[in-house]
Amino acid sequence: MGDFIRAQRQMANLSLRQLSAMTAVSNPYLSQIERGMHEPSVRILKSIAAALNLSSEAMLEQAGLLDESVRADDDATEAALRADRRLTEAQKRALLSVYRSYIEANETDA
């Protein structure tokens, strides 16, 4: 889990200190999570996911707390948006937010 969080943080070009400020989780605790010394709570995982523009479901699945409920296509869409170098970080966050809001709206309609 810690390696996944570290990789996502680095892909987002965030320092540990910046992620700490965005999540209201202490810098030392985040460091310990990344090094595998602590297993974070669901609340902290959701906070980290939001800061890294990941879906909570993807983060919880990575932590082994959810079954494979998100299809690979869903993850691929978000990964493609995060990887597109033509977009600024703010644009990526906005697109991910809109995309997720549509998905959530469709799930509540179903």
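Residues numbered from 1 in each chain as written. Predicted model: local features only at pLDDT ≥ 70, side-chain atom pairs only at ≥ 80, totals over all residues. Heavy atoms only, no water.

1. What about the side chain of serine 20?
Part 1 of the argument: Relative to the helices and strands, serine 20 resides in helix H2 (residues 16-23).
Part 2 of the argument: A polar side-chain atom of serine 20 sits 2.5 Å from the main-chain carbonyl oxygen of valine 25.
Part 3 of the argument: Aside from chain neighbours lying at most four places away, what touches serine 20 is Val25, Ser26, Asn27 and Leu30. (Helix = DSSP H or I, 4+ residues; strand = E, 2+ residues; numbered from the N terminus. Polar contact = N/O pair within 3.5 Å; in protein donor to acceptor, adjacent residues only side chain to side chain. Contact = heavy atoms within 4.5 Å.)

2. Brief notes about helix H1 (residues 2-11)
Every α-helix winds through 3.6 residues per turn, so residues three or four apart in the chain are directed the same way.
Part 1 of the argument: Burial in H1 covers these residues: Gly2, Ile5, Gln8 and Arg9. Down the axis of H1, the smallest arc covering the buried residues is 130 degrees, so these residues share one side. Opposite its buried face, H1 presents the exposed residues Asp3 and Met11, each directed more than 90 degrees away.
Part 2 of the argument: Directly after H1, the chain includes asparagine 13, whose backbone phi takes a positive value near 55 degrees. (Buried < 20%, exposed > 50% of the residue type's maximum accessible area, 1.4 Å probe, protein only. Arc of directions from axis to C-beta.)

Take it as geometry only, folks, not as evidence of what the structure does.
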